[in-house]
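So the chains spell out like this:
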Amino acid sequence: MKQHLIVLDLDGTLLTDEKVISKKTEQTLKAAREAGHQVMIATGRPYRASEPYYRQLNLDVPIVNFNGAFVHHPDDRSWKTFHEPISLPVVSEVVEALQDFNVHNVVAEVMDDVYVHRHDEKLLNIFTMGDPSVTVGDLRSYLTDNPTSLLIHPELEDQEKIRRHLAEVHAEVIDHRRWGAPWHVIEVIRHGLNKAVGISKVSEWLNIPQERIIAFGDEDNDYEMIEFAGTGVAMGNAINGLKSIADEVTGTNNEDGIATVLEERLNLRLESKI
């Protein structure tokens, strides 16, 4: 069988609800790589929060982070890193406009430096994985570099109002997606970026055509990736919109949905001890 590129979202896809990779899925991915296929991660997480899974799977290809705003090869510095942050003046305008909405907090990430508008222990717990440098205070004063991403945590009733504002006022310079429950966070990155942009760079480098890409996802930030892949697979727990455009719907992230598809499509034979 010709070489395929297997692309994995993390949360709600590769990871179970306990944020681990199931034994069967891990062994299936190992079998796929032993059969000559390539495996990569494409996630909204920063690299520091995805590196443990990259290492667990012993991957050796570039990784897509921040939903396509940052693509790099962790172990090959000769691979040209792709990083497209948001313009600082745009961030200042967005933060200023948010004063008119009910917002719990705003977080800016400059690669592995985290800037939090207001102190929030629960929110900080999400972003301190990988031990980043954290600064708390008004972003308009403390943020001095173009951030890779901006995260807005609004009151649920204001989420769509804020997204409409972003679409109406800043559509030419930023794109935005929502996180799933329970956070209802709006994630903002530079306009024109998404996971498919990063995946296309990696697949071109690997010389694997689009039709031999199998991508798995579950959320709002996976639309372009699922459409771009030759085979776009929505998890059983995916949002309905993603299921409607996917080529296939598999089991949930807790049911080894990834393993089910790969065993069939790549004709993998796993050891019976799994």
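See the structure shown above.
Residues numbered from 1 in each chain as written. Predicted model: local features only at pLDDT ≥ 70, side-chain atom pairs only at ≥ 80, totals over all residues. Heavy atoms only, no water.

**Side note on the overall build of the chain**
Move 1: In terms of helices and strands, the chain carries 11 helices and 14 strands.
Move 2: Against the globule reference of 19 Å for 274 residues, the chain gives a C-alpha radius of gyration of 19 Å, in line with a compact fold.
Move 3: The C-alpha extent of the chain, read off along each of the three principal axes, is 55 × 40 × 35 Å.
Move 4: Looking at the 274 residues of the chain, the share that counts as buried comes to 55%.
Move 5: Sequence-distant contacts in the chain: of pairs separated by 6 or more residues, those separated by 24 or more amount to 56%.
Move 6: Of the accessible surface of the chain, which amounts to about 12,400 Å², a share of 44% is contributed by carbon and sulfur atoms.
Move 7: Side-chain charges of the chain comprise 27 positive and 45 negative groups, with the mean position of each set lying 5 Å from the other. (Helix = DSSP H or I, 4+ residues; strand = E, 2+ residues; numbered from the N terminus. Rg over C-alpha atoms; globule rule 2.2 N^0.38 Å. Buried < 20%, exposed > 50% of the residue type's maximum accessible area, 1.4 Å probe, protein only. Contact = heavy atoms within 4.5 Å. Areas by Shrake-Rupley, 256 points an atom, 1.4 Å probe, with all protein chains shown as cover. Lys, Arg positive; Asp, Glu negative; His and termini not counted. Charge placed at Lys NZ, Arg CZ, Asp CG, Glu CD.)

**A short note on the packing of helix α2 (residues 23-34) against helix α11 (residues 257-265)**
Move 1: Between α2 and α11, the least distance of the axes is 8 Å, while the angle of their chain directions is 30°. The orientation of α2 with respect to α11, classified from their angle, is roughly parallel. Crossing geometry of α2 relative to α11 is assigned as left-handed. From α2, Lys24, Thr25, Thr28 and Leu29 reach across to α11, where they touch Ile258, Ala259, Leu262 and Glu263.
Move 2: Residue composition of the contact of α2 with α11, grouped by class: 4 nonpolar, 2 polar and 2 charged. (Axes fitted to C-alpha atoms, helices over the stretch in contact; angles between N-to-C directions. Parallel < 35°, antiparallel > 145°, perpendicular 65-115°, else oblique. Left-handed = near helix turned anticlockwise from the far one by under 90°. Nonpolar A, V, L, I, M, F, W, Y, C, P; charged D, E, K, R; others polar.)

**Some words on the side chain of Asp9**
Move 1: For Asp9, the position within the fold is in the loop between β1 (5-8) and α1 (10-14).
Move 2: The exposure class of Asp9 is buried, given its relative accessible area of 4%.
Move 3: Side chain to side chain, Asp9 and Thr13 meet in a polar contact 2.7 Å long. (Polar contact = N/O pair within 3.5 Å; in protein donor to acceptor, adjacent residues only side chain to side chain.)

**Overview of the nonpolar core**
Across soluble globular proteins, you tend to see nonpolar side chains buried next to one another.
Move 1: Membership of the largest hydrophobic core comes to 55 residues, with the highest contact counts inside it found for Ile6, Val7, Leu14, Leu29, Ile199, Phe216 and Leu262.
Move 2: Counting 22 residues, the second largest nonpolar core, distinct from the first, contains Ile86, Leu98, Leu143 and Ile152. (Core = buried A, V, L, I, M, F, W, Y, C linked by side-chain atoms within 4.5 Å.)

**Concerning the sheet that holds β1**
Note: strands within a sheet are paired through backbone hydrogen bonds, in either parallel or antiparallel orientation.
Move 1: Sheet architecture is open: 5 strands sit in the order β2-β1-β12-β13-β14, paired in parallel fashion. Both outer strands of the open sheet, β2 (38-41) and β14 (248-249), are each paired with one neighbouring strand and no more.
Move 2: Here strand β13 (residues 231-234) runs beside β14; their pairing, made up of 2 bridges, is parallel. Note that in β14 the partner of Val233 across the bridge is Glu248.
Move 3: Along the sheet, α11 contacts β1, β12 (213-217), β13 and β14; its crossing angle with β12, the most-contacted strand, is approximately 165°. (Pairing = 2+ DSSP bridges.)

**Considering the environment of Ile239**
Move 1: With respect to the secondary-structure elements, Ile239 resides in the loop between β13 and α10 (240-245).
Move 2: For the pair Ile239 and Arg212, spaced 27 residues apart in the sequence, the C-alpha separation amounts to 24 Å.
Move 3: Other than its neighbours up to four places away in sequence, Ile239 contacts Arg178, Asp218, Glu219, Asp220 and Tyr223.

**Remarks on empty space enclosed by the protein**
Move 1: Tallied over the full model, the rule gives 4 cavities of 30 Å³ or more.
Move 2: Its volume calculated, the largest cavity comes out at about 70 Å³.
Move 3: Lining the largest cavity are Asn67, Asp175, His176, Arg177, Glu187, Ile189, Leu193, Asn194, Lys195 and Asn221.
Move 4: Going through the elements one at a time, β10 (174-178) and β11 (186-190) are the ones with two or more residues in the lining of the largest cavity.
Move 5: Its residues placed into classes, the lining of the largest cavity shows 2 nonpolar, 4 polar and 4 charged. (1 Å grid on protein atoms, 1.4 Å probe; cavity = no way out; pocket = protein on both sides within 12 Å on 5 of 7 lines; lining within 4 Å. Points joined across faces, edges and corners; volume = space filled by probe spheres on them.)

**Here's the deal with the packing of aromatic side chains**
Each aromatic ring pair is characterised by the separation of its centres together with the angle its planes make.
Move 1: Under the definition given, this model contains 2 aromatic pairs.
Move 2: Geometrically, the ring pair formed by Trp79 and Trp205 is edge-to-face, given 6.2 Å between the ring centres and 80° between the ring planes. You can see Trp79 sitting in the loop between β4 (70-72) and β5 (82-83) and its partner Trp205 sitting in helix α8 (residues 195-206), a full 126 residues away along the chain. (Phe/Tyr/Trp six-rings, centres within 6.5 Å; stacked < 30°, edge-to-face > 60°.)

**With respect to the layout of surface pockets**
Using a probe with the size of a water molecule, rolled over the atoms, empty space left in the structure can be pinpointed.
Move 1: Counted as a void, the largest pocket has a volume near 900 Å³.
Move 2: Taken together, 36 residues form the lining of the largest pocket, with Asp11, Lys19, Arg45, Trp179 and Trp183 sitting closest to its centre.
Move 3: Going through the elements one at a time, α1, α5 (121-127), β9 (149-154) and β10 are the ones with two or more residues in the lining of the largest pocket.
Move 4: The residue makeup of the lining of the largest pocket, split by class, is 12 nonpolar, 11 polar and 13 charged.

**Quick word on the side chain of Asn65**
Move 1: Inspection of the secondary structure puts Asn65 in strand β3 (residues 63-65).
Move 2: For Asn65, a relative accessible area of 0% translates into the label buried.
Move 3: A distance of 3.0 Å separates a polar atom in the side chain of Asn65 from the backbone oxygen of Arg45.
Move 4: Sequence-distant contacts of Asn65, defined by excluding residues within four places in its chain, comprise Thr43, Arg45, Pro46, Tyr47, Ser50, Phe70 and His72.

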